[in-house]
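Report on the structure
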Amino acid sequence: NNVLGRLTDTQGFLLVLKPEFHDLIEKLKEESHETQSAEYLKEVALHSLKHALLVLAPMYTGFEPEKFHGSYDVLKPEEGGRVYVYDTDEGGNGGFAALMNNKEDSLIRMFKNIRQRLECRTRECSNACKQCLFIKNCGNVNRKLNRKLLLALEIFWPD
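Residues numbered from 1 in each chain as written. Predicted model: local features only at pLDDT ≥ 70, side-chain atom pairs only at ≥ 80, totals over all residues. Heavy atoms only, no water.

**Remarks on the pairing of strand β5 (residues 81-87)**
Most of β5 is tucked away, with 6 of its 7 residues classed as buried. Relative to β5, strand β3 (residues 12-17) runs antiparallel, the two sharing 6 bridges. Among the inter-strand pairings, L14 is bridged to a residue of β5, identified as Y84. Two strands pair when backbone bridges link them, and strand β4 (residues 68-74) and β5 are joined in this way by 7 bridges, in the antiparallel orientation. Bridging across to β5, Y72 finds its partner in V83. Counting the residues in the hairpin turn of β4 and β5 gives 6 residues, including G80, whose phi is positive at 90 degrees. (Buried < 20%, exposed > 50% of the residue type's maximum accessible area, 1.4 Å probe, protein only. Helix = DSSP H or I, 4+ residues; strand = E, 2+ residues; numbered from the N terminus. Pairing = 2+ DSSP bridges.)

**Digging into the sheet that holds β5**
One open sheet accounts for 3 strands, arranged β3-β5-β4; its pairing is antiparallel. Each edge of the open sheet is held by one strand with a lone partner, namely β3 and β4. Sheet twist, expressed as the mean angle between neighbouring strand axes with direction ignored, is 15 degrees. (Axes fitted to C-alpha atoms, helices over the stretch in contact; angles between N-to-C directions.)

Now the structure itself:
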């Protein structure tokens, strides 16, 4: 995985959003009369998705939050988007490998739990908070996050 100019041999997974991602963002922007550009909203959506995955990775693997990192790419409209989440240790620490080896249980439960966290029933925050999307090592200092936008994309299914 080549991330921010750094070559890392590790373990993780790639979540690919179909090209329809771009159309859906455009539609949501139009319906909500959002003043931000569609390009900005695409970046916010992918950044929020990365955080959603990184928030729960420690709970489902037993590893510390610092053992996971992520990145994302807003691709051309015909390509969609990508979110990368991976172990920070060279060669991998086994965290995501454990999740992937037990896909039917841990990974599916994690995705369902992401949906619940995005609903943020505890704080009912406007965009994001410590309860739903904040992570300690965010390069953007937990800015450019929007749980409601991510919910509107309907990537994660309800229970």
